[in-house]
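Here is what each chain is made of, one letter per residue.
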Amino acid sequence: MTLERVLILVTAVSSVFVVVTAQAPRVQLPDTTLIGTNLEFNETEYLGGEIITIRAFLGIPFAEPPVGDLRFRNPVKKGPLGTFFTAARDGPICPQLSPIDTIGDLLPVPIPVGRNADENCLYLGVHTASPQPTNAPVLVWFHGGGYTLGGGSGSIYEPLPLIAVSPEIIVVTVNYRLGVFGFLTTGDSASPGNYGMLDQVMALEWVRDNIQYFGGDPSKVTIMGESAGAGSVGLHIVSPLSQGLFHQAIMESGNALCPWAADTNIERQIGFTREIAENFNCDVTDNVALIECLRGVDEVNLTRAQLAMTRTHLIVELLFVPVVDGYFLPAAPATLIEQPDFRGVPTLMGTNEDEGTLIALRAFPSYVVRRVPPPMSLIEFQELFPGYLYYSSPLLIPAVEHWYVDWTKADNQSSDHLDAFIRLNTDQMFACSTELMARALANVSAPVYRYEMTHDPSWSVFAGVPKWLGAGHAEELQYVFGWAFNPSFNRIVSQTDEEKWMSVQFMTYWTNFVRTGDPNSPVSGSYPSWPQFTVPELEYKKLSLTMENGRAMRMESCAFWLNLAPDLYNYTEGDNDDLYDDWQREYTEWRDVHMAEWNEVFNEYKEDNTCNNP
């Protein structure tokens, strides 16, 4: 989930920062000399600085290419790079579904998206200020994209504005395997899965071992992500393999407890593996033979087969995602946060007020090019929303309907219920799991700073077209990464002056946290201080033009999802199955037999005129 198929226009724009200089920057690693490139940045109106030079070391391989016999295997640490290694260009992104294949035909203009994808994609990039800092805090970025799309490199995550705001930090961007290549599992040793997560672990190990040579402090590493990237960050918090590799976390619109962050139903993921194997006549009765067969399939054909699968499954499903493998994830995240050895880290986390408009856009994809939202009648809502529930039961469905429908207007046939659909999906998929994760971290005394972005952008990251998405999924990225100040975007991104100042504050909060673990320090703004999230105070920051504070974010709805919904879902499971079956059978008999007999007798009575004609 994330940018997930939506940053079509901006991803097509290449960076224009590269400046040829007489002396390229160099960093001496133990086994090689990296030769990078200098990038210039100049923004004086809002950031108040002069022209600055940023040292960029791009396309650094941290693992051996996961191709051939290394496909569907844990990453292997990269061997020696040679005496000199040129790190002046980004490496290719990992194989993925093309945005053109998904919603490109719905866009109002042709988008020239090149397919710069290759299985040899495990690269990272390092950006530092010039001159090189000393003992600098480090920010490691994991991109979103539903574990299916995206890349750490590219203009949309260019960290130059962030470094201009805070030259004291170092920013590392990472590629990791996606989709079928990153998460295919057989549920056993033939292909345990979670390769994309293990790629991230290896990248963090590279940072631990090498960031000191760039002026970074390996004891001051903050991991940060959005959507599936934030889900990844949350999984690292609970995974035993990642402990000690980072010290703080930032999660935007996702965490380990989101229902889409990891699939605890391993059989479902095994089913996806067998389904894709059948496309290539691979033996699905022998897992070792199945994986060997899939290793021989051309990358493009395997990617296309995954695309075909996405069109045959429920829209709510993510096909290839992290799983409980007994290694990276010893148990479900919800179980791991309850363990006595669960340890949190200082965390900045939050969601956007209208995350659910992403799901509405999935339900009505043609509205990506429309300025008005799709209408939704009560009947349409009732028919649509059960298919978007991650967990469902006969008792939960009517409870969800009762909670979200505005019954004061339900009798009006022309009333619109899209807002109910949006609120439902915002709560279910993002906000309420964030509430639970924030409480879990606070319960182990980890400092937590929580936010909700309530500002409706004047320009949408969905190619700038829809005007009905509000503070939707991924919209905060344009402010966190300072797109309005990025020369690659300033001809496209249309933000007001107020929004640009707000973006400066976003970047200040974020870089403050990277530096000190407190978004208020060392550089404060002219806004209310960001309170720490604690129980029972439940305070949070409203990310908006005024940056006001709030309390108990969406708690009424989250009380439903965290307390009542699990009971309703579990009531028809296990020992209660027979009870529900008996009730269902008796209800059906009453409706179809007894009521039918009663109606028959009553109709005969009405046709008998003897009572009416004495």
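If you're wondering where the values come from, they're calculated on a predicted model, not measured in any experiment. (Residues numbered from 1 in each chain as written. Predicted model: local features only at pLDDT ≥ 70, side-chain atom pairs only at ≥ 80, totals over all residues. Heavy atoms only, no water.)

Enquirer: Could you clarify how one ought to interpret the pattern of salt bridges in this entry?
Expert: For the structure on display, the rule yields 14 salt bridges. Measuring nitrogen to oxygen at the nearest pair gives 2.6 Å for the salt bridge that ties arginine 71 to glutamate 119. Taken as a pair, arginine 71 in the loop between β5 (52–61) and β6 (84–86) and glutamate 119 in the loop between α2 (99–102) and β7 (123–129) lie far apart in primary sequence, 48 residues in all. Owing to a relative accessible area of 11%, glutamate 119 belongs among the buried residues under this scheme. (Salt bridge = Lys/Arg side-chain N within 4 Å of Asp/Glu carboxyl O. Helix = DSSP H or I, 4+ residues; strand = E, 2+ residues; numbered from the N terminus. Buried < 20%, exposed > 50% of the residue type's maximum accessible area, 1.4 Å probe, protein only.)

Enquirer: How should helix α14 (residues 418–443) be read in this particular structure?
Expert: Because each turn of an α-helix spans 3.6 residues, side chains separated by three or four positions end up pointing in the same direction. With 26 residues, α14 extends 36 Å between its outermost C-alpha atoms, agreeing within 8% with the 38 Å of an ideal straight helix rising 1.5 Å per residue. Along α14, the helix axis deviates most sharply at aspartate 427, where the bend reaches about 50°. For α14, a buried count of 20 out of 26 residues is recorded, marking the element as mostly surrounded by other parts of the structure. Serine 445 lies just past α14 and shows a positive phi near 65°. (Expected span 1.5 Å × (residues − 1). Bend = angle between axes of the 7 residues up to and from the residue.)

Enquirer: Whenever I open this one, the sheet that holds strand β3 (residues 33–35) confuses me. Can you help?
Expert: Strand pairing in a sheet is mediated by backbone hydrogen bonds. Such pairs are either parallel or antiparallel. Sheet architecture is open: three strands sit in the order β2-β3-β6, paired in mixed fashion. The sheet is open, and its two edges are formed by β2 (26–28) and β6, each paired on a single side. Each strand of the sheet is rotated relative to its neighbour by a mean of 20°, with strand direction disregarded. Pairing analysis gives three bridges linking β2 to β3, with the strands arranged antiparallel. From the neighbouring strand, valine 27 faces β3, where its bridge partner is leucine 34. (Pairing = 2+ DSSP bridges. Axes fitted to C-alpha atoms, helices over the stretch in contact; angles between N-to-C directions.)

Enquirer: Can you walk me through empty space enclosed by the protein in this structure?
Expert: A probe matching the size of a water molecule, rolled over the atoms, marks out where space remains unfilled. According to the stated counting rule, one finds three cavities of 30 Å³ or more in the structure shown. Here the largest cavity defines a volume of roughly 50 Å³. Gly59, Asp90, Gly91, Tyr123, Leu124, Gly125, Gly152, Ser153, Thr173 and Asn175 are the residues that line the largest cavity. Residue contributions to the lining of the largest cavity peak at three residues, all from β7. For the lining of the largest cavity, the residue count by class is two nonpolar, seven polar and one charged. In this structure, the second largest cavity spans a volume of roughly 40 Å³. Around the second largest cavity sit Pro66, Arg71, Pro95, Glu119, Cys121, Arg177 and Phe181, which together line it. In terms of residue class, the lining of the second largest cavity is built from four nonpolar, no polar and three charged. (1 Å grid on protein atoms, 1.4 Å probe; cavity = no way out; pocket = protein on both sides within 12 Å on 5 of 7 lines; lining within 4 Å. Points joined across faces, edges and corners; volume = space filled by probe spheres on them. Nonpolar A, V, L, I, M, F, W, Y, C, P; charged D, E, K, R; others polar.)

Enquirer: Whenever I open this one, the environment of threonine 357 confuses me. Can you help?
Expert: Position of threonine 357 among the secondary structure elements: in helix α11 (residues 357–363). Threonine 357 gets classed as buried once you look at its relative accessible area, which sits at 3%. In the structure, threonine 357 is positioned 115 residues away from glycine 472 in sequence and 5.9 Å away in space, judged by C-alpha atoms. Those residues in contact with threonine 357 that sit more than four places away from it in its chain are Ile422, Trp468, Leu469 and Gly472. A distance of 2.8 Å separates the side chain of threonine 357 from the backbone oxygen of aspartate 354, its partner in a polar contact. Looking at threonine 357, its side chain comes within polar contact range of the main-chain oxygen of leucine 469, at 3.1 Å. (Contact = heavy atoms within 4.5 Å. Polar contact = N/O pair within 3.5 Å; in protein donor to acceptor, adjacent residues only side chain to side chain.)

Enquirer: Got a minute to help me understand the packing of aromatic side chains in this structure?
Expert: This model, assessed by the stated rule, comprises 26 aromatic pairs. Judged by centre distance (5.6 Å) and plane angle (55°), the ring pair of tyrosine 157 and phenylalanine 481 falls under tilted. One end of the pair, tyrosine 157, is in the loop between β8 (136–142) and α3 (160–165); the other, phenylalanine 481, is in the loop between α15 (477–480) and α16 (497–516), and 324 residues separate them in sequence. With relative accessibility at 3%, the residue tyrosine 157 sits in the buried group. On the numbers, 5.9 Å between centres and 50° between planes, the contact of tryptophan 206 with phenylalanine 214 is tilted. Phenylalanine 214 sits in the buried class, given a relative accessible area of 0%. Of the aromatic side chains, those joined through ring pairs into one cluster are Tyr449, Tyr451, Tyr479, Phe506, Tyr509, Trp510, Phe513 and Trp530. Sitting over the ring of tyrosine 367, arginine 370 keeps its end group 4.2 Å from the ring centre. (Phe/Tyr/Trp six-rings, centres within 6.5 Å; stacked < 30°, edge-to-face > 60°. Lys NZ or Arg CZ within 6 Å of the ring centre and 35° of its normal.)

Enquirer: Please explain the layout of surface pockets as it appears in this structure.
Expert: Estimated volume of the second largest pocket: approximately 650 Å³. Elements with a contribution of two residues or more to the lining of the second largest pocket: α10 (333–336), α14 and α17 (555–571).

As far as function goes, none of this settles anything; it's purely spatial.
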